[in-house]
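Coordinate inspection notes
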Amino acid sequence: MADAAYQKCINPACGSEFDCGQAMFKCPACGELLDVCYNWDSMNVPGKLSEFAKRWGTRDNKLDFSGVWRFRELLSFCKDRHKVSIGEGQTILQQNDAVAEYVDMGSGRLYLQYEGLNPSGSFKDNGMTAAFSHARMVGATSSACASTGNTSASVALYAHSCGVKCTVFIGSGRIAFGKLSQAMDYGAQTIQILGDFDDCMRQVQDVCTKLGLYLLNSLNPFRLEGQKTIMYRIIEGLGWEVPDWIVVPGGNLGNSSAFGKAFGELKQLGLIDRIPRMAIINATGAETLTDLVNNKKLCWNDGKVDQSIIDDYYADLTARNFSPHTCASAIEISRPVNLKKCLRAIDICDGVVRAVPDEEIVDAKAIIGKYGLGCEPASAATIAGLKRLRAEGLIASDERVACVLTGHLLKDPDVTVNYHKDKQGRFSNPPIEAPNNLDEILKLIE
Ligand code: F0G
């Protein structure tokens, strides 16, 4: 394929290639996932990652201001005139010793990457800026997504900003109110399906195929290109050094897939000298990946993934009428669409997978809230998972770890308020009831 960027089926037995002018979410030849690939020689990639830092000086240029597009040579699939940006990716990497102490890491070793600081309050904006740029490139006018909440919020925001219509599918009763309020306020057509996220995901694919809508879930390979930049910013936050571990929550497995691809490419380009290990953390009520990898020994196997293991597992879920349940509603997913790409990322990053129960997630969330910038439950799974991996001794206390905090605290106020007000959690901080009387109030102040 002569173009600088092209799409390619991830199944090595197929390997079909397509130009980027087509919007597809599965390989038309074999039905597998697609990657965006590059002929790097024609891409003008800087010789050193640190050269990207020069763009801090030219931030009046909209693309240099974007925390995604200032790395544009590493995701160069469309012309500048198609690029959509609303200032995404202005996120920070914060070293946090108090949270480090909670997970038994040494001081100076734990970093939190706050993706909740994005315009719609989650990491999704990194992906949507890229996906909507591609949507404009192919002339899409209507779009759709299934969502546990954050994707719908981000889609609604970007769709509105670039004049594309959007319909979002959510599972009835499965979405945190912060996120639902965003989708409605930003003007998305919101369809609430009597089912869970996996049901929505199935429906939206059929709807997009039948009506020719542009799909914005992480099946969309262009979206994942944007999400690679979260890793570039972590490396940037570490003075262009690579951490020892990346810890990320696992839901539909788009992030973990994108991160593995990012590190594979940086290594191939000689821009990093080693690849960090990756820990992907499920919630125990939605632990398909953990089960498949740790118990059923499913692996990438050079692209020859044993499909029968996946088919048997899903058949069993169907037979049991299984629907996932966790307070971390963002990752309440039992049929992750990026499973195979994630297996590849585990292979690239020598990854591990763990599942953590809701009680550990909400405790970790309270600690991040108390000592950090706060986050939603799914994001806190990273800290709960890291605590376990430290207890197992798999991660050493002096290794340098970066946890991706994927969504803002205010996304899910219900989980937070319930944790604190019922004094049920280890770190609950309930409000104290006081009479409307100054003397009595003064007695209560510590
Ligand atoms: N954290 C948050 C806050 C999320 O919203 C999601 C996914 C994840 C983690 C999981 O990321 O899918 O890349 O493994 N939310 C999707 C949504 C599914 O619809 O908003 P993943």
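Residues numbered from 1 in each chain as written. Predicted model: local features only at pLDDT ≥ 70, side-chain atom pairs only at ≥ 80, totals over all residues. Heavy atoms only, no water.

**So, the overall build of the protein chain**
Put simply, the rule reads: Only DSSP runs of H or I with at least four residues qualify as helices, and only runs of E with at least two residues qualify as strands; both kinds are numbered from the N terminus onward. When we talk radius of gyration, it's over C-alpha atoms, and the globule rule is simply 2.2 Å times the number of residues to the 0.38. Buried residues are those whose accessible area, probed at 1.4 Å on protein chains only, stays under 20% of the maximum for their type, while exposed residues exceed 50% and partly exposed ones sit between those limits. Using a 1.4 Å probe, the Shrake-Rupley method yields the accessible areas, and only the shown protein chains count as cover for residues. By the counting scheme adopted, Arg and Lys are positive, Glu and Asp are negative, and His together with the chain ends is not counted. By convention, charge coordinates are those of NZ in Lys, CZ in Arg, CG in Asp, or CD in Glu.
Within the protein chain, the regular secondary structure consists of 16 helices and 13 strands. Relative to the 2.2 N^0.38 estimate, which gives 22 Å for 446 residues, the radius of gyration of the protein chain is 21 Å and therefore close to what a compact globule would have. With the principal axes as the frame, the protein chain shows a C-alpha extent of 75 × 50 × 45 Å. Looking at the protein chain as a whole, 60% of its 446 residues are labelled buried. As displayed, the protein chain has an accessible area near 17900 Å², and 48% of this comes from carbon and sulfur atoms. Taking the 47 positively charged and 53 negatively charged side chains of the protein chain as two groups, their mean positions are separated by 4 Å.

**A closer look at the nonpolar core**
So the rule is basically this: We define a nonpolar core as any set of buried Ala, Val, Leu, Ile, Met, Phe, Trp, Tyr and Cys residues linked to one another through side-chain atoms lying within 4.5 Å. Note that the domain bounds reflect an automated or database-derived domain assignment.
By size, the foremost hydrophobic cluster in this structure holds 96 residues, and its most contacted members are Phe77, Phe132, Met231 and Phe259. If you count residues domain by domain, this core takes at least three from each of domain 1 (1-43) and domain 2 (92-120 + 224-421). Ala100, Leu112, Ile281 and Ile383 belong to the second-largest nonpolar core, a separate cluster that totals 34 residues.

**So, the pattern of salt bridges**
Here the idea is simple: oppositely charged side chains can pair when their charged atoms come close. Filter applied, for reference: For this analysis, a salt bridge means a side-chain nitrogen from Lys or Arg found within 4 Å of a carboxyl oxygen belonging to Asp or Glu.
Across all of its chains, the model carries 24 salt bridges by this definition. Between Arg174 and Glu332 there is a salt bridge whose closest N-O contact spans 2.9 Å. Of this pair, Arg174 sits in the loop between strand E7 (165-171) and helix H5 (177-185) while Glu332 sits in the loop between helix H11 (307-319) and helix H12 (339-348), and the two are 158 residues apart along the sequence. Note on Glu332: relative accessible area 6%, which makes it buried. Glu376 is the partner of Lys179 in a salt bridge, and the nearest nitrogen-oxygen pair spans 2.7 Å. Of the two residues, Lys179 is situated in helix H5 and Glu376 in the loop between helix H13 (358-371) and helix H14 (377-392); the sequence distance between them amounts to 197 residues. Like Glu376, Lys179 is buried. Overlapping salt bridges bring together Arg55, Asp64, Arg72 and Glu73 as one network.

**Focus on the packing of aromatic side chains**
The description of two aromatic rings rests on the distance between their centres and on the angle between their planes. Our working definition: Geometry of aromatic contacts follows a simple scheme: Phe, Tyr and Trp rings, the Trp one being its six-membered ring, pair when their centres are within 6.5 Å, and the pair is stacked under 30 degrees between planes, edge-to-face over 60, tilted otherwise.
Within the structure shown, the criterion is met by eight aromatic pairs. Between Phe77 and Phe222, the ring centres sit 4.9 Å apart and the planes meet at 65 degrees, which makes this aromatic pair edge-to-face. Of this pair, Phe77 sits in the loop between helix H1 (62-65) and strand E4 (92-95) while Phe222 sits in helix H7 (residues 221-227), placing them 145 residues apart in sequence. Like Phe222, Phe77 is buried. An aromatic cluster of at least three residues, connected via ring pairs, comprises Phe52, Phe71 and Tyr232.

**With respect to the sheet that holds strand E8 (residues 189-193)**
Put simply, the test is: Strands are labelled as partners when DSSP assigns at least two bridges between them.
Pairing is parallel across the open sheet formed by four strands, whose spatial order is E8-E7-E6-E9. With one partner strand each, in any of the chains shown, E8 and strand E9 (214-215) form the two edges of the open sheet. Direction of pairing for E7 relative to E8: parallel, over a ladder of five bridges. Paired with Thr167 across the bridge in E8 is Gln189.

**Observations concerning the sheet that holds strand E11 (residues 277-283)**
We apply this condition: Every axis corresponds to a line fitted to the C-alpha atoms, with the helix fit spanning only the stretch in contact, and the corresponding angles, defined between N-to-C directions, vary from 0 to 180 degrees. Should any heavy atoms of two residues lie within 4.5 Å, those residues are counted as being in contact.
The strand order across the open sheet formed by six strands is E4-E5-E13-E10-E11-E12, and the pairing between neighbours is mixed. The sheet terminates laterally at E4 and strand E12 (352-356), the two strands that pair on one side only. When strand polarity is set aside, the average angle formed by the axes of neighbouring strands in this sheet is 25 degrees. Judged from the three bridges that link them, strand E10 (residues 245-249) and strand E13 (residues 401-405) form a sheet pairing that is parallel. Within the sheet, the bridge partner assigned to Val247 lies in E13 and is Cys403. Packing against the sheet, helix H9 (residues 254-268) makes contact with E10, E11 and E13, and its axis sits at approximately 155 degrees to E10.

**What about a nonpolar patch on the surface?**
To be explicit about the condition: A patch consists of residues whose relative accessible area exceeds 30% and which take part in no salt bridge; residues with like charges are grouped when within 9 Å of each other, and nonpolar side chains (Val, Leu, Ile, Met, Phe, Trp, Tyr) when within 5 Å.
On the surface, Ile92, Leu117 and Leu373 cluster together into a nonpolar patch covering about 240 Å² of accessible area. Take Leu373: it is sitting in the loop between H13 and H14.

**Things to note about the site of the ligand**
Selection rule: In these notes, residues near a molecule or strand are those with any non-hydrogen atom within 4 Å of it. Identification of polar contacts relies on pairs of N or O atoms within 3.5 Å, with a donor-acceptor requirement for protein atoms, meaning one able to donate a hydrogen and the other able to accept it, and with residues adjacent in sequence counted only if both atoms are side-chain atoms.
Near the ligand, the surroundings consist of 21 residues, among which Thr148, Asn150, Gly251, Asn252 and Thr406 are the closest. In this structure, a nitrogen atom belonging to the ligand sits 2.9 Å away from a side-chain N or O atom of Lys124. At 2.7 Å, a backbone N or O of Thr148 approaches an oxygen atom of the ligand. Starting from 480 Å² of accessible surface for the ligand in isolation, the protein chains cover 99%. Listing elements by their share of the shell around the ligand, those giving two or more residues are helix H4 (150-161) and H9.

**Some thoughts on the packing of H13 against H14**
Axes are the key here: two packed helices are described by the angle between their axes and the distance separating the axes. Basically, it comes down to this: The labels follow the angle: roughly parallel below 35 degrees, roughly antiparallel above 145, roughly perpendicular from 65 to 115, and oblique for the rest. Note on residue categories: nonpolar means Ala, Val, Leu, Ile, Met, Phe, Trp, Tyr, Cys or Pro, charged means Asp, Glu, Lys or Arg, and polar means any other residue, Gly included.
For the pair H13 and H14, interaxial distance at closest approach is 7 Å and the crossing angle is 100 degrees. Between H13 and H14, the angle is such that the two are roughly perpendicular. Listed contacts from H14 to Glu360, Ile361, Ala364, Lys365 and Ile368 of H13 are Pro377, Ala380, Ala381, Ile383, Ala384 and Arg388. When grouped by side-chain class, the residues that make up the contact of H13 with H14 number eight nonpolar, no polar and three charged.

**Things to note about the domain arrangement of the protein chain**
Spelled out, the test is: Two parts placed together each lose some accessible area under a 1.4 Å probe, and the buried area is that loss summed for both.
Structurally, the protein chain comprises domain 1 (1-43) and domain 2 (92-120 + 224-421). On a C-alpha basis, the centroid separation for the pair domain 1 and domain 2 is 27 Å. Domain 1 puts 10 residues into the contact, and the matching count from domain 2 is 15 residues. Together domain 1 and domain 2 conceal approximately 960 Å² of surface at their shared face, both sides included; 57% is due to carbon and sulfur atoms.

**With respect to the environment of Ile175**
With respect to the helices and strands, Ile175 occurs in the loop between E7 and H5. Separated by 26 residues in sequence, Ile175 and Gly149 place their C-alpha atoms 5.5 Å apart. If near-sequence neighbours (up to four positions away) are discounted, Ile175 is found in contact with Thr148, Gly149, Ser152, Ile170 and Leu180.

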